[in-house]
Amino acid sequence: MAQKLPSAVLQRFNECLITGDPTPEEDQKVIADAIFTWARELGAIDFAHWFFPLRGGCGAVGGMLGAFKRDTLIEPGQRRRGSFPNGGLRVTHSAAAFTTWDRASPPFVTDKCLYIPCAFVTHFGKCIDEKTPLLRSMDAVKTSGLRLLKAINIGTDAKTMHSYLGWEQEFFVLSAALYKARPDLVNTGRTLFGKLPTRHQQGDLNYFQPIPGKVQELLDIVQAEMLKVGCPMAVKHNEVAPGQHEMSPVFRTANVSCDSNVLFMEVMNREAAKLGLQVLFHEKPFAGINGSGKHANWSVGTDTGLNFFYPGKNEAGAKLYVTAIACLAYGLAQYNEMVRCTVAHSGNDHRLGAQEAPPAIISLYPGQGFEQFVESIVKGGDLLGYKAEKKKQETGCSAAMHIEANVEDRNRTAPFPFCGNRFEFRAVGSSQNCCLPVMVCNAVMSAGMAHLAGLVEGGMSHRDAVAKVFQENKHVIFTGNGYSAEWPVEAQKRGLPNLNTTPKAVATWNSEKNKKLFETLKIYTAEETEARQEVMYENYISALCCEVETMIQMTETGFLPACAKEIRAALLDGLLSHSQDLEKYKGVEKLAIYDSIIDQLEKLKAAFEKKPHSSLSEEATYLCDSIKPQMAALRAAVDKAEGASWRTLLAGPGG
């Protein structure tokens, strides 16, 4: 923009980003013409208003990609859109909805198309997308953050604030031909059947090993494509499970980073297809081995360079850091269920608490040293008592120098651990759009900043306000092993909820407390909050129903015919010489396994037919509590048949 626009236009544009004022109409034309020329120079022949409908996290390939239609690049303009999930905010006879450019996220050209990142609202201004609430939450961070800085007299020269995100995207890569041969992978993004192979992830032999050649080629191409649109990828490596990998970019402002993550998934799918590969973003594509997450490294800071989550090199920075963690503790403690809801969906239910991802209990890990410091503040200690010093760890050998360790250790079992200058929300699912989790991080942080600022504005000293907030919310701080059996028991004693399934979590989303906060921060109206819950339920129900129907179809059209074929082969091979042998071998395990498949299939079909329709919450709960266990039983029967051998089982006593 600096190269293509008159300086006065650019200055007014940047000022409008801070104030929120509309871009002047005469400037809009200048900017549109400049974008048009710039995009054509980069080879664009189409343009698209690119937005994120409320599709929710479900794991199915492509499920979380952005929505757009390509228009020939003749002239930019406002666009109306058709039918997308909306939670009742749009009805058929009044369904107009519009996209408008997110001015804080730069357009880019990829695949010969000019992408314009957009917000998506109804004719009446109701948000029905992922991005709009995020943008509103960023405004809330600005309002509450500047208020807090003024109250504690730190960083008062700041004009605005930003929230930042750096995502770590995990995924699986496999042959497209093998993928297409699996109806479960195609329909649901995960395998619904399949016996664990004898060699999988034992010994962590895949982790950080050389990336396979074909996958390396894909990642190199994607890295180059992302760099073209201004998103430098900083990391690529093998993950723990076979066929599992990760890529991560340099952090950016939250809205731009969320955009780049959705684009990354789109580019991965597009480029993988050219190489005969398929990328899986489901949280648990294969049972028995690690699933995939999307760790969201999040922070907030000012336009003057103050990072609220960096311990600081002077007194002001140190006080701000302690104050910021108090605000975050308040947000996570007071709105614990809200944070949990942001990572609640069918795919993530397979990960959370499964010894590969954080538990479903939301807690804060600021470090063991800082936890002790909190106690000292509560007892009357000064805000400057925390020693944020990096430690030198000796290697014990002459060839390798000492290592400079972080201020605090990192806890992989925590859902919200401190990572040096940010907090890492580790519970986000790999298929998700980051917008919702980051929006709620912004919201609860804004709530904490406003609360603490209010205490100081009411006459309380800065120190006493921080101490009071810690005293009332320190129960959310946990620095132990989140995978341990003792933690859920301890969490219950502390009053922290353990919402270990999606229906349990989603039921809390529209609480009066949550609705009041969203309205206060101007992120959601009460109606928009209710609508979002409806979409969450619908997404969960749709994902589970698709899985059930796919299981039934695969069993009836694939596994049972295969069982019959094996019996016929056994007859032809002489393993079963005549019909009487069937009676003789009725107790043989192989035949019992086949009977078990039929039995479990019929039970699943019968249970599925009884699915209630009285309410979305009741339907979701029934699918979770009654259908999922029966799905597991059918899978167990089929997987057992996969590993059984006729010749071994029919040999019997004495051969």
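Residues numbered from 1 in each chain as written. Predicted model: local features only at pLDDT ≥ 70, side-chain atom pairs only at ≥ 80, totals over all residues. Heavy atoms only, no water.

- The name an unreviewed UniProt entry gives the protein chain is GS catalytic domain-containing protein, with Durusdinium trenchii as the organism.
- UniProt annotates the protein chain under Sequence similarities (unreviewed entry) with the comment "Belongs to the glutamine synthetase family." (UniProt positions renumbered as here; feature names shortened; annotations may be inferred.)

1. Overview of helix α7 (residues 254–274)
- Look at α7: 31 Å from first C-alpha to last across 21 residues, which is about the 30 Å you get at 1.5 Å a residue.
- Here α7 lies mainly inside the structure; 19 of its 21 residues are buried.
- In the stretch just after α7, G276 is the one whose phi turns positive, near 75°. (Helix = DSSP H or I, 4+ residues; strand = E, 2+ residues; numbered from the N terminus. Expected span 1.5 Å × (residues − 1). Buried < 20%, exposed > 50% of the residue type's maximum accessible area, 1.4 Å probe, protein only.)

2. A word on the environment of T520
- Its location among the elements puts T520 in helix α15 (residues 512–521).
- As a C-alpha pair, T520 and A140 span 380 residues in sequence and 9.4 Å in three-dimensional space.

3. Brief notes about the packing of helix α3 (residues 131–152) against helix α8 (residues 315–334)
- Two elements in contact, α3 and α8, have axes whose closest approach is 12 Å; the angle formed by their N-to-C orientations is 130°. Taken together, the axis directions place α3 and α8 in an arrangement best described as oblique. Once α3 is placed against α8, the crossing between them reads as right-handed. Contacts between α3 and α8 involve L148, L149 and I152 on the former and, on the latter, L320, T323 and C327.
- In terms of residue class, the contact of α3 with α8 is built from 5 nonpolar, 1 polar and no charged. (Axes fitted to C-alpha atoms, helices over the stretch in contact; angles between N-to-C directions. Parallel < 35°, antiparallel > 145°, perpendicular 65-115°, else oblique. Left-handed = near helix turned anticlockwise from the far one by under 90°. Contact = heavy atoms within 4.5 Å. Nonpolar A, V, L, I, M, F, W, Y, C, P; charged D, E, K, R; others polar.)

4. Things to note about the pattern of salt bridges
- Tallying each qualifying case throughout the model produces 31 salt bridges.
- Here R136 and E528 are joined by a salt bridge, their closest N and O atoms 3.1 Å apart. Residue R136 is found in helix α3, and its partner E528 is found in helix α16 (residues 526–572); the two are separated by 392 residues along the sequence. Comparing R136 with E528, the two get one shared label, buried.
- Across the salt bridge formed by K611 and E619, the nearest N and O atoms sit 2.8 Å from each other. E619 matches K611 in its accessibility class, with the two residues each being buried. (Salt bridge = Lys/Arg side-chain N within 4 Å of Asp/Glu carboxyl O.)

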